[in-house]
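Tertiary structure, described
The chain contents come next:
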Amino acid sequence: MITAPLAPCTGRRLRIAAVFAVLLLAASFLCGLSSPSAAAVPAADRAVSADSSDHTGNATHFDGLGSPYGGCGVPQADLESQNFVALNVWNTPGDYAGQPTPRPVPSGDAGKTGLFDNGHNCGRWVRVTIGDYCTGTNDGAAGQAFCRNGNWTPDKYNGATLDMLVADSCGDTNAWCRDDPYHLDLATGSLNAFQLDGRAVADMYPSSWNNRHISWSFIPAPGYSGDISIGFVQNAATWWPTIDVTHLPNGIHGVEYYDGSAWVPAAMVSDLGQQYTIGPNSPGGSSYTVRIRDVDGNLVQDGRTYTFAMPGSCSSGCTRPYTGVGYTTGGSGSGSPEAPANLTVTGTTSSSVSLSWSASAGAAGYDVYRDGRQVGSTAGTSFTDGGLSASTSYTYAVRARDGSGGTSAASGSVSATTQGSGSGSGSGCTVTTKLVNSWSGGFTAEVTVTNTGTSASSGWHVGWTWPGAQKVTTAWSTELTQSGSAVTASNVDYNGVIAPSGSTTFGFNAAGDSSGLPGSAVCALG
């Protein structure tokens, strides 16, 4: 008689997840810092892709999430569904080392990234369909074939389906979690809930399970209604304001918080894909405004903002794994500012596009979008988007933002094509950078802008893209903003005029590796 073995990751992963979560939170509590955030691996660099196509793989099962958190950083009791799955952390066929790379998987090991994608597929939904039954040995032994000494055979359960939530990660040292890129680990309690002809299968597990074949694909949240849920995690406090974001319409690829003047990307806690450390609306404050980006990079609910406060019960640190909070909303593309008008392309180089627009009534600042994704923010009415590809067309739009983070409808869009890589004409300036000082975890740099034209400038803009996780913390003699890895610097009142062959300098402090000092910054003169 063939028995259906439990997935080996059942007990072991629970213990690992529990220890990992407790250590992570303890370290965060003591240091007042989040762990290094996970970086999304570009789709072209991943070993496997996470599109909406059907995938076929093996299915195992596990009894529940770790305590207090599963691999996505959410307590099991606070998931929107108890039908949940885990995705593989790594894709390393034939490599069963305990941890083939650190977590999050570094960009240098992008080819080893599994569909968990450093937490970036957390909070998404998958539609799972039951496939064939294995009549042989299907134990996921390292280095062994699946369904040995047997065959894959259809039976009465084929075609049963269930929609399930991505809530955990599978990093075990077996063939399922390393050799099969489309393996899913399913919640044990969900196995007999699969639906066939409008009814639950009821008795597929355990006698007809044996880690069956499945096919599956990512889907938007089924029957979505309402809005997101927000809660503070264990040990969260004003010095470490870390939240869980759940009940998402289409996953989560980023959280941004409003610091009183601009939107700032929040850091994911390690690869716990639904935990982010945010900042207050004002220094030392306990009120917060956030907005969420889904798996496609789009702002959830058309840019809706969510404002909430740290509960009084968390004054010395939240004691529960999840402390839910209520919020007020704003934005949604119809906030109080007027939409910017007269958006115009004022210049291009081989790697930058410069824009300007008319001021909007009620605006405290502006967010600039390239091809539907935000690339920067500014308090003024001009912006230079740098780090672009030569001879490439881009489409831009701008939204105005009020003092509480509410956003206007988008401006009309404009398109611009960067110049060929050999030209570079028309910029009228050069940029040089110099490392002034460095220390463990940060550095000081100076940037010089030189007018190579024949007439004085009326202003200037400089842009660059960091190669890693560097972030500007302070700047002087410039108006500087950073969105993700893109940095834009503009003149201030006293240094916008540069005579022909003249120059001006500005400086900044940044957190991160000084080897990322911008050596390919681009500039444009006004």
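Residue positions are counted from 1 within each chain, in the order its sequence is given. Totals for whole chains, interfaces and linings use every residue, but because this is a predicted model, local features are given only for residues with pLDDT of at least 70 and side-chain atom pairs only at 80 or more, for both listing and counting. Hydrogen atoms and water are omitted, and side-chain values are computed over all heavy atoms in the structure.

**Points about unusual backbone geometry**
In the segment running from Ser67 into Pro68, the intervening peptide bond is cis, with an omega of 5°. Inspection of the secondary structure puts Pro68 in the loop between β1 (55-62) and β2 (84-88). Between Tyr205 and Pro206 the backbone carries a cis peptide bond, its omega angle lying at 5°. The numbering of helices and of strands both runs from the N terminus, where a helix is a DSSP run of H or I of at least 4 residues and a strand a run of E of at least 2. The residue Pro206 is located in the loop between β9 (199-200) and β10 (213-219) in this model. Positive phi, normally seen in glycine, also occurs at Asn211, with a value near 55°. Position of Asn211 relative to the elements: it lies in the loop between β9 and β10. Residue classification places Asn211 among the buried positions, given a relative accessible area of 0%. Only protein chains enter the calculation, and the probe is 1.4 Å; a residue is then buried if its accessible area is under 20% of its type maximum, exposed if over 50%, and partly exposed in between.

**Considering the pairing of strand β22 (residues 353-358)**
Two faces, one strand: in a regular strand the side chains alternate between the faces of the sheet. Strand pairing follows a simple DSSP-based rule, namely that at least 2 bridges must link the two strands. Where strand β21 (residues 341-348) lies against β22, five bridges are found, and the strand directions are antiparallel. Following the sheet pairing, Gly347 is matched in β22 by Ser354. Counting the residues that bridge the hairpin from β21 to β22 gives four residues. As paired elements, β22 and strand β25 (residues 382-385) share four bridges and run antiparallel to each other. Residue pairing in the sheet places Ser356 in a bridge with Ser382 of β25.

**Quick look at the sheet that holds strand β33 (residues 486-490)**
Taken in spatial order, the four strands of this open sheet run β32-β33-β30-β35, and their pairing is antiparallel. Two strands in the sheet have a free side with no partner beyond their single neighbour: β32 (479-483) and β35 (522-525). Shown here is a sheet whose adjacent strand axes are inclined to one another by a mean of 15°, direction ignored. Relative to β35, strand β30 (residues 460-465) is paired through four bridges, and the arrangement is antiparallel. Of the residues in β35, the one forming a bridge with Gly463 is Val522. Axis lines are fitted to C-alpha atoms, over the contacting stretch for helices. Their N-to-C directions set the angle, which ranges from 0 to 180 degrees.

**Observations concerning the sheet that holds strand β31 (residues 471-476)**
Reading across the sheet, the four strands line up as β28-β29-β34-β31 and stay open at both edges, with antiparallel pairing between neighbours. Of all the strands in the sheet, just β28 (429-439) and β31 have a single pairing partner and so form its edges. Taking the axes of each pair of neighbouring strands and ignoring which way they run, one obtains an average angle of 25° across the sheet. Looking at chain direction, β28 and strand β29 (residues 442-451) are connected through 10 bridges and run antiparallel. What sits directly across from Asn437, in β29, is Thr444.

**With respect to the confidence of the model for the protein chain**
Summing up the model confidence of the protein chain, the mean pLDDT is 84 and the portion of residues at 70 or higher is 86%. For every residue, the predictor reports its confidence as pLDDT, a number between 0 and 100. Throughout, a residue-residue contact means that at least one pair of heavy atoms, one from each residue, lies within 4.5 Å. Counted against residues more than four places away or in other chains, residues 1-37, with its pLDDT under 50, gives 89 contacts. Note on residues 39-47: pLDDT is under 50 here. Beyond four places in sequence and across chains, it has 16 contacts.

**What about the state of the cysteines?**
Throughout, a disulfide means two cysteine sulfur atoms within 2.5 Å of one another. Evaluation of the coordinates by the stated rule reveals five disulfides. Between the sulfur atoms of Cys314 and its disulfide partner Cys318 the distance amounts to 2.0 Å. On the sign convention where negative is left-handed, the bridge of Cys314 and Cys318, at about 105° about the S-S bond, is right-handed. Given a relative accessible area of 1%, Cys314 falls into the buried group. Residue classification places Cys318 among the buried positions, given a relative accessible area of 1%. One disulfide in the model links Cys429 with Cys523; its S-S distance is 2.0 Å. An S-S torsion of about 130° defines the bridge between Cys429 and Cys523 as right-handed.

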